[in-house]
Amino acid sequence: MESTTPSPIPTQTLHRPGQRIVLFMVGSGFALLGAGALISGKVAADPAGVVIYTAILAGGAWMAFRSCVMGVRIDSSGLTERGLGRSRVVPWCGISVVNTGGGPGLAPD
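These numbers were taken from a predicted model, which means no experiment stands behind them. (Residues numbered from 1 in each chain as written. Predicted model: local features only at pLDDT ≥ 70, side-chain atom pairs only at ≥ 80, totals over all residues. Heavy atoms only, no water.)

*Asks:* Please explain the overall build of the protein as it appears in this structure.
*Replies:* Counting its regular elements, the protein contains two helices and four strands. Its helices and strands in sequence order give the protein the pattern β-α-α-β-β-β, from N to C terminus. Expressed as a percentage of its 109 residues, the buried residues of the protein come to 18%. Considering only intrachain contacts with a sequence separation of at least 6, the fraction spanning at least 24 residues in the protein is 47%. (Helix = DSSP H or I, 4+ residues; strand = E, 2+ residues; numbered from the N terminus. Buried < 20%, exposed > 50% of the residue type's maximum accessible area, 1.4 Å probe, protein only. Contact = heavy atoms within 4.5 Å.)

*Asks:* Sorry, what's going on with the pairing of strand β2 (residues 71-75) here?
*Replies:* When strand β1 (residues 12-14) meets β2, the two strands line up antiparallel, connected through three bridges. Residue pairing in the sheet places Thr 13 in a bridge with Arg 73 of β2. Between the end of β2 and the start of strand β3 (residues 78-82), which pair antiparallel, lie two residues. (Pairing = 2+ DSSP bridges.)

*Asks:* I would appreciate a short explanation of the pattern of salt bridges in the present structure.
*Replies:* A side chain with one charge can pair with a side chain of the opposite charge if their charged atoms come near. Under the criterion given, the structure shown has one salt bridge. For Arg 73, the salt bridge goes to Asp 75, with nearest N and O atoms at 3.1 Å. Its relative accessible area of 9% is what places Asp 75 among the buried residues. (Salt bridge = Lys/Arg side-chain N within 4 Å of Asp/Glu carboxyl O.)

*Asks:* Help me understand a nonpolar patch on the surface, please; the structure alone is not making it clear to me.
*Replies:* Residues Val 22, Val 26, Phe 30 and Leu 33 make up a contiguous nonpolar surface patch of roughly 340 Å² in combined accessible area. Judged by its relative accessible area of 43%, Phe 30 is partly exposed. (Patch = residues over 30% accessible without salt bridge, like charges linked within 9 Å, V, L, I, M, F, W, Y side chains within 5 Å. Areas by Shrake-Rupley, 256 points an atom, 1.4 Å probe, with all protein chains shown as cover.)

*Asks:* Teacher, can you tell me more about the sheet that holds β1 here?
*Replies:* Whenever strands of a sheet pair, they do so through backbone hydrogen bonds, lying parallel or antiparallel. Strand order across the open sheet formed by four strands is β1-β2-β3-β4, with antiparallel pairing between neighbours. Each end of this open sheet is capped by a strand with a single partner; those strands are β1 and β4 (87-91). With direction set aside, neighbouring strand axes in the sheet form an average angle of 15 degrees. Strand direction decides the pairing type here: β3 and β4, joined by five bridges, are antiparallel. Bridge assignment links Glu 81 to a residue of β4, and that residue is Arg 88. (Axes fitted to C-alpha atoms, helices over the stretch in contact; angles between N-to-C directions.)

*Asks:* So what exactly am I meant to see when it comes to the pairing of β3 here?
*Replies:* Each regular strand carries side chains that alternate between the two faces of the sheet. Judged from the five bridges that link them, β2 and β3 form a sheet pairing that is antiparallel. Of the residues in β3, the one forming a bridge with Gly 71 is Arg 82. Linking β3 back to β4 in an antiparallel pair, the connection comprises four residues.

*Asks:* What is the right way to look at helix α2 (residues 47-69) in this model?
*Replies:* Given 3.6 residues per helical turn, the α-helix brings residues three or four places apart onto the same face. For α2, with 23 residues, the first-to-last C-alpha span of 34 Å sits near the 33 Å given by 1.5 Å per residue. Buried within α2 are the following residues: Gly 49, Gly 60, Ala 64, Arg 66 and Ser 67. Within two residues after α2, Gly 71 carries a phi angle of roughly 135 degrees, on the positive side. (Expected span 1.5 Å × (residues − 1).)

*Asks:* Explain helix α1 (residues 17-40) here, please?
*Replies:* Taking 1.5 Å of rise per residue, 24 residues should cover 34 Å, and α1 covers 34 Å from first to last C-alpha, within 8% of that figure. Residues of α1 that are buried: Arg 20, Leu 23, Gly 27, Ser 28, Ala 31, Gly 34 and Ala 37. Of the surrounding elements, those touching the buried residues of α1 are β1 and α2.

Any link to function would need more than the numbers given here.
Printed below as a string of structure tokens:
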């Protein structure tokens, strides 16, 4: 007697390595800029400077972190598109058509 349940889909993540590297470097640069300004002590006298450089530090750290998880993830639960701002999950039951399109893609050759 054979099992009628489909085999699980192996998890696959598609991404552009160059884009990840550039975004990580830019995010890290901003995080280091904000941290350096806060550590230097020159901004401590100005409350607005502390707020601005803290926001730069947080934004840069967020960009560096999210660049490491960006891409399209395919698994048994569906498709997950991870961008800089948020992730969006589309379950398999919500996908009616898959169009591969014509240009350069993310899938390896």
